[in-house]
Every structure is written in structure tokens, then in C-alpha cells.
Amino acid sequence: RKLDQNALYWAGPLRDIADQAWVRGRQYSAEVWHEHFKREFLPDGEARPDFDDTHVKDGYRKYAITPGGDCVLVGSTTQLTVKGMSAYLEQVYAAGANLGVQFSERGHGR
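No experiment lies behind these values; they were computed from the predicted model shown. (Residues numbered from 1 in each chain as written. Predicted model: local features only at pLDDT ≥ 70, side-chain atom pairs only at ≥ 80, totals over all residues. Heavy atoms only, no water.)

Concerning the packing of aromatic side chains
All told, the structure shown has six aromatic pairs when counted by the stated rule. Ring geometry for Y9 and W10: centres 5.7 Å apart, planes at 75 degrees, overall edge-to-face. On the basis of relative accessibility, which here comes to 0%, the residue Y9 falls in the buried class. In this structure an aromatic cluster arises from ring pairing among Y28, W33, F37 and F41. (Phe/Tyr/Trp six-rings, centres within 6.5 Å; stacked < 30°, edge-to-face > 60°. Buried < 20%, exposed > 50% of the residue type's maximum accessible area, 1.4 Å probe, protein only.)

Some points on the packing of helix α1 (residues 3-20) against helix α2 (residues 30-41)
Closest axis-to-axis distance for the α1/α2 pair is 9 Å, and the angle between their directions is 100 degrees. In terms of orientation, α1 lies roughly perpendicular with respect to α2. Residue-level contacts link Y9, W10, L14, I17 and A18 of α1 to A30, E31, W33, H34 and F37 of α2. Taken together, the residues of the contact of α1 with α2 sort by class into eight nonpolar, one polar and one charged. (Axes fitted to C-alpha atoms, helices over the stretch in contact; angles between N-to-C directions. Helix = DSSP H or I, 4+ residues; strand = E, 2+ residues; numbered from the N terminus. Parallel < 35°, antiparallel > 145°, perpendicular 65-115°, else oblique. Contact = heavy atoms within 4.5 Å. Nonpolar A, V, L, I, M, F, W, Y, C, P; charged D, E, K, R; others polar.)

If you want it as C-alpha cells, here you go:
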């Protein structure tokens, strides 16, 4: 991904969603939304038959198993290609729109 894509993500949809979205009577910080969206939208080659490896850099994995046998999220948006980050941003915008978020023009770039 490009640095400007990352800046767009944090200044645009994440901020707007954190400011406007309510789920089960509460709001969540941009950091919490970021963690939620990684779990929801990062590509998962193990679980998705439609996985597109052009969306991720070599060596990418979404999950790993700890020595204790727990599954943990290790994937990061830093491991997405420009194409992958574009697809990820589209999913974030769609999720926000489904929550009634009106996106601002700051850093929107769309």
C-alpha cells in the first residue's frame, strides 16, 4: 500500500466512522474500528476460495497459531499491495455507509 492510502484511511473513513457510527448504543474509537476491520476485511487465503494473492505482499498471513494453540490476528494493512489496500478501503467505506455514516471530503480521494 502507499503512504497516502494509509493517511486516507485514518483521516477519512476511520475518523468519520468513529465520529458518527453507533453500534449497540455506543461509539468506538478509530483504533477499535481499525482492529475490527482488519478481522473483517483483511484477505484470508486459508478461509476464502476467492482469495486474490495480488492483494497481498509475499509471505502474508492473516492468522498465526501461538505456542499455546490460540489463533491470533497477525495480518496488517502494511502487508497489502496498492490493489489490496484499494479493495480494503472500498469494504471499509461500504461498512461505514451501512452504518449511516456520511463521509467527509477530507482526504476522501474518491
